[in-house]
Amino acid sequence: MSLKIRIDDSAPPYEQVRAQISEQARSGALPVGYRLPTVRGLAESLGLAVNTVAKAYKALEGDGVIETRGRNGTFVAAAGSAAEREASLAAQAYAERVRRLGLGESEALAAVRDALRAAYGAG
C-alpha cells in the first residue's frame, strides 16, 4: 500500500487517506482481504495524528470499503458490490424524488451530470 499526503492539497489529510485507500481497493491494487496497517501504525508512517487516520478508516468502513474485525485488524472488504448497491439505492431515491418534483428525464439527467462534474472536477 502506497499513500502520499500532500500538505498543499486542498483536501484535508483524512480525505486524502480515505480517497487513496478507496481508489486502491476499487482498482484491485489492494485486494479483498488485504490487511491494512493499524491506525497508529499508518499515522506514524504518514506523519499524521492518530485521530486523522481513525477518521479516514471510519469513513471507509461506512462506505463499505474496509471492515474491522475487532482485535484481528482491518481488512479490505468486497467493496465493489456494496458500493454499487448503495449507488443503485441512491439513484432509485433520486429518480423517485425528481419524478415527484415534476422534472422530466432530460432535466433530471442534466442535474446528475452537473452534480457529477462538480464532484469529479470535470469541466
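That block above? That's the structure.
As the structure is a computational prediction, the values presented were derived from the model and not from experiment.

A look at the packing of aromatic side chains
- All chains considered together, the criterion is met by zero aromatic pairs.
- If you follow arginine 69 out to its NZ or CZ, it ends over the ring of phenylalanine 75, 4.0 Å from the centre.

Section: the pattern of salt bridges
- Going through the model one piece at a time under the given rule, you end up with four salt bridges.
- Note that glutamate 15 is salt-bridged to arginine 18, the shortest N-O span being 2.6 Å. Of this pair, glutamate 15 and arginine 18 both sit in helix H1 (residues 13-27), three residues apart, which is roughly one turn of that helix.
- By relative accessible area, glutamate 15 is classed as partly exposed at 24%.
- Between arginine 18 and aspartate 63 there is a salt bridge whose closest N-O contact spans 3.8 Å. Taken as a pair, arginine 18 in helix H1 and aspartate 63 in the loop between helix H3 (50-62) and strand S2 (66-68) lie far apart in primary sequence, 45 residues in all.
- The class for arginine 18 is buried, based on a relative accessible area of 19%.

Some points on the side chain of glutamine 16
- Here glutamine 16 is to be found in helix H1.
- Using a relative accessible area of 6% as the deciding quantity, one classes glutamine 16 as buried.
- Excluding residues that lie within four positions of it along the chain, glutamine 16 makes contacts with Lys4, Ile5, Arg6, Asp9 and Ala11.

Here we look at the packing of helix H2 (residues 39-46) against H3
- Between H2 and H3, whose axes approach to 8 Å, the crossing angle comes to 120°. In terms of orientation, H2 and H3 fall into the oblique class. The chirality of how H2 crosses H3 is right-handed. Of the residues in H3, those touching H2 at Val39, Arg40, Leu42 and Ala43 are Val50, Val53, Ala54 and Tyr57.
- Taken together, the residues of the contact of H2 with H3 sort by class into seven nonpolar, no polar and one charged.

Examining the sheet that holds S2
- Taken in spatial order, the three strands line up as S1-S3-S2 in an open sheet, and their pairing is antiparallel. In this open sheet, the two edge strands, each paired with only one partner strand, are strand S1 (35-36) and S2.
- Packing of H3 onto the sheet brings it into contact with S1, S2 and strand S3 (74-76), and relative to S2 it is tilted by some 110°.

Some points on the packing of H1 against H3
- One way to put it is that H1 packs onto H3 with a least axis distance of 8 Å and a crossing angle of 45°. Put simply, H1 runs oblique to H3. Both H1 and H3 take part in a crossing whose hand is right-handed. Across from Pro13, Tyr14, Val17, Arg18, Ile21 and Ser22 in H1, the residues of H3 making contact are Thr52, Lys55, Ala56, Tyr57, Ala59 and Leu60.
- Broken down by class, the residue content of the contact of H1 with H3 amounts to eight nonpolar, two polar and two charged.

Calculation notes
- Residues numbered from 1 in each chain as written.
- Predicted model: local features only at pLDDT ≥ 70, side-chain atom pairs only at ≥ 80, totals over all residues.
- Heavy atoms only, no water.
- Phe/Tyr/Trp six-rings, centres within 6.5 Å; stacked < 30°, edge-to-face > 60°.
- Lys NZ or Arg CZ within 6 Å of the ring centre and 35° of its normal.
- Salt bridge = Lys/Arg side-chain N within 4 Å of Asp/Glu carboxyl O.
- Helix = DSSP H or I, 4+ residues; strand = E, 2+ residues; numbered from the N terminus.
- Buried < 20%, exposed > 50% of the residue type's maximum accessible area, 1.4 Å probe, protein only.
- Contact = heavy atoms within 4.5 Å.
- Axes fitted to C-alpha atoms, helices over the stretch in contact; angles between N-to-C directions.
- Parallel < 35°, antiparallel > 145°, perpendicular 65-115°, else oblique.
- Left-handed = near helix turned anticlockwise from the far one by under 90°.
- Nonpolar A, V, L, I, M, F, W, Y, C, P; charged D, E, K, R; others polar.
- Pairing = 2+ DSSP bridges.

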